[in-house]
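Structural overview
One-letter residues, chain by chain:
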Amino acid sequence: MCARIASPCVGLCSTTLGDPVCRGCQRTDDEIVVWMALSAEQRDLRIAQLDALRERVAARFLQVTDEARLEAQLRQHRIRFRPEQPPLSRAVELLRVGRDRIRELHRYGLAPLGSAAGLSPADLHVRLSEQLVVEANERRCADRVSIPHR
């Protein structure tokens, strides 16, 4: 029996359109290519780093007010998440999938912060996604500089 390989893929790969960083999972095009060759530990570490990125960015816009309600909504709407996935990372997935259907964030265990308070869920998702791509690209550039060229 084969073990399932963990992946942060959300089925929205923009690297196939030429993006150097996927808008869906925030992995670089290079990471996506070598993902299957990474060890389980390397994949787990990278998934944790991606969760931390999502948490850091989402915390500028949102706070989780009710983790149980958030999880119940994810389950009800059949939005995939991992048991170890932090709540704010889960919130990013909720907004990605439900941004056009969500009317009141508090019903999902979320509260907007600061300038996000007046945004619709769809606009909030756009801002979050833009910032995620910016920071993932910054990481990609920093990684390329830190790798010695031969």
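Please refer to the structure placed before this passage.
Since the model is a prediction, treat every value here as computed from it, not as a measurement.

Our next topic: the pattern of salt bridges. The tally for this structure, following the rule as stated, stands at 11 salt bridges. Taking the shortest distance from any N to any O, the salt bridge between Asp 51 and Arg 82 comes out at 2.8 Å. Taken together, the residues Asp 51 in helix H2 (residues 40-58) and Arg 82 in the loop between helix H3 (67-76) and helix H4 (87-98) connect sequence positions 31 residues apart. Taking the relative accessible area as the measure of exposure, Arg 82 reaches 17% and is therefore buried. Close ionic contact of Glu 104 with Arg 107 constitutes a salt bridge, the shortest N to O distance being 3.3 Å. Connected through salt bridges with shared partners, the residues Asp 51, Arg 54, Arg 82 and Glu 84 form a single ionic network.

Our next topic: the environment of His 77. On the secondary structure map, His 77 appears in the loop between H3 and H4. Along the primary structure His 77 and Leu 94 are separated by 17 residues, whereas in three dimensions their C-alpha atoms are 8.9 Å apart.

Summarising the element assignment, Ala 6 is placed in the segment before helix H1 (29-34). Linking Ala 6 and Arg 82, residues 76 residues apart in sequence, is a C-alpha distance of 9.8 Å. Among all residues touching Ala 6, those that are not within four sequence positions of it are Trp 35, Arg 43, Asp 44 and Ile 47.

A few words on H3. Those residues of H3 not exposed but buried are Leu 70, Gln 73 and Leu 74. Down the axis of H3, the smallest arc covering the buried residues is 100°, so these residues share one side. Residues of H3 that are exposed and angled more than 90 degrees away from the buried face: Ala 68, Arg 75 and Gln 76. Its buried side turned inward, H3 meets strand E1 (62-64), H4 and strand E2 (110-112). One side-chain oxygen at the N-terminal end of H3 lies 3.2 Å from the backbone nitrogen of Ala 68; it belongs to Asp 66. Taken from the residues just after H3, Arg 78 is the one with a positive phi, measuring 55°.

About the criteria used
Position labels on residues start from 1 in each chain and follow its written sequence. Whole-chain, interface and lining totals are the exception, using all residues; otherwise, since this is a predicted model, local features are given only for residues with pLDDT of at least 70 and side-chain atom pairs are given and counted only at 80 or more. For the side-chain quantities, the full set of heavy atoms in the structure was used; hydrogens and water were omitted. Put simply, a salt bridge is a Lys or Arg side-chain nitrogen that is within 4 Å of an Asp or Glu carboxyl oxygen. Under the DSSP-based scheme used, a helix requires at least four consecutive residues in state H or I and a strand at least two consecutive residues in state E, with every element numbered from the N terminus. Each residue is placed in one exposure class: buried if its accessible area under a 1.4 Å probe, protein chains only, is under 20% of its type's maximum, exposed if it is over 50%, and partly exposed if it falls in between. In this analysis, two residues are considered to be in contact whenever any of their non-hydrogen atoms come within 4.5 Å of each other. Each direction from the helix axis to a C-beta atom contributes to the arc, which is the arc of those directions. Contacts described as polar in this section are N or O atom pairs within 3.5 Å, which, within protein, must combine one atom able to donate a hydrogen with one able to accept it, while residues neighboring in sequence count only if both atoms come from side chains.

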